[in-house]
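# What the coordinates show
Here's the letter readout for the chains.
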Amino acid sequence: MDTLANRISDSEIEVMKVLWAAEDALPLSAIRQSLQAKKGWEAATIKTLISRLVSKGAVIQIKRNVFYYSPAISEKEYNRWATNDLISRLYNGSARDLVAALVHSEGLTRDDIEELRAMFNSEDG
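Presented here is a report on the structure given in the accompanying data block. Every chain begins its residue count from 1, and numbering advances along the sequence as written. Per-residue local features of the predicted model are confined to residues with pLDDT of at least 70, and side-chain atom pairs are confined, for both listing and counting, to 80 or more; whole-chain, interface and lining totals are unaffected and use all residues. Think of the side-chain values as coming from all heavy atoms in the structure, minus any hydrogens and water.

### Regarding the environment of Val 15
Our working rule: Segments assigned H or I by DSSP are reported as helices when at least four residues long, segments assigned E as strands when at least two residues long, and all are numbered from the N terminus. Note on contacts: a residue pair is in contact if any heavy atoms of the two residues lie within 4.5 Å.
Relative to the assigned elements, Val 15 resides in helix H2 (residues 10-21). Spatially, the C-alpha atom of Val 15 lies 31 Å from that of Glu 115, the residues being 100 residues apart in sequence. If we skip the residues at most four places from it in the chain, Val 15 touches Ile 31, Leu 35, Leu 49, Ile 50 and Leu 53.

Next up, the structure:
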């Protein structure tokens, strides 16, 4: 998982988001329709991104009457990896330093802080 997620580009994540939101495998036409509406990308760009994701093993290609695509990793798995990678790269592995940076940069509201405090307290009990 570590090497796979590390190789997924920001544009490829946009494709993954469409697949993660779907309840079943999607044909290329549905993926293309969604991304053209959201991003304005050309059909060739979308096809290239999907091909890359398939070759990386992040997306599974299923042959029916046309090809259908589904994610090989869940959004939760990817987000867990991305968070750990961010903490490792920017904060030397310290989640505490990440939270401190958010608090000091005014990235969290008082309500956010109270919600986090409640989450930490519920983990203790």
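### As for the pairing of strand S3 (residues 67-71)
Along any regular strand the residues' side chains alternate between the sheet's two faces. For clarity, the cut-off: When DSSP finds two or more bridges between a pair of strands, those strands are recorded as paired.
Here two bridges tie strand S1 (residues 26-27) to S3, and the two strands are oriented antiparallel to one another. Bridged to Leu 26 within S3 is Tyr 69. Counting the residues between successive antiparallel strands, the hairpin from strand S2 (residues 59-63) to S3 contains three residues.

### Remarks on the side chain of Ser 70
Looking at where Ser 70 falls in the secondary structure, it is placed in strand S3. Those residues in contact with Ser 70 that lie beyond four places of it in its chain are Leu 19, Ala 25, Ala 58, Val 59, Ile 60 and Ile 62.

### Topic: helix H5 (residues 75-91)
For the record, the criterion: Working rule for helices: expected span equals 1.5 Å times residues minus one. Throughout this description, buried means an accessible area under 20% of the type-specific maximum (1.4 Å probe, protein chains only), exposed means over 50%, and partly exposed covers the range between.
Taking 1.5 Å of rise per residue, the 17 residues of H5 would be expected to cover 24 Å, and the 23 Å separating its terminal C-alpha atoms lies within 8% of that figure. Within H5, burial applies to Tyr 78, Trp 81, Asp 85 and Ile 87. Two residues or fewer past H5, Asn 92 is found with a positive phi of approximately 50 degrees.

### Description of the pattern of salt bridges
The cut-off we apply is this: One side-chain nitrogen of Lys or Arg within 4 Å of one carboxyl oxygen of Asp or Glu is enough to make a salt bridge.
As enumerated under the stated definition, the model contains six salt bridges in all. Notably, a salt bridge pairs Glu 12 with Lys 56, separated by 2.8 Å at the nearest N-O pair. A residue pair is termed long-range when its members are at least 10 positions apart, and Glu 12 in helix H2 and Lys 56 in helix H4 (residues 43-56) qualify at 44 residues. For Lys 56, a relative accessible area of 21% translates into the label partly exposed. With a closest N to O distance of 3.7 Å, Glu 14 and Lys 39 form a salt bridge. Placement of the pair is Glu 14 in helix H2 and Lys 39 in helix H3 (residues 28-39), with a sequence separation of 25 residues. When salt bridges that share partners are traced, they join Glu 14, Lys 17 and Lys 39 into one network.

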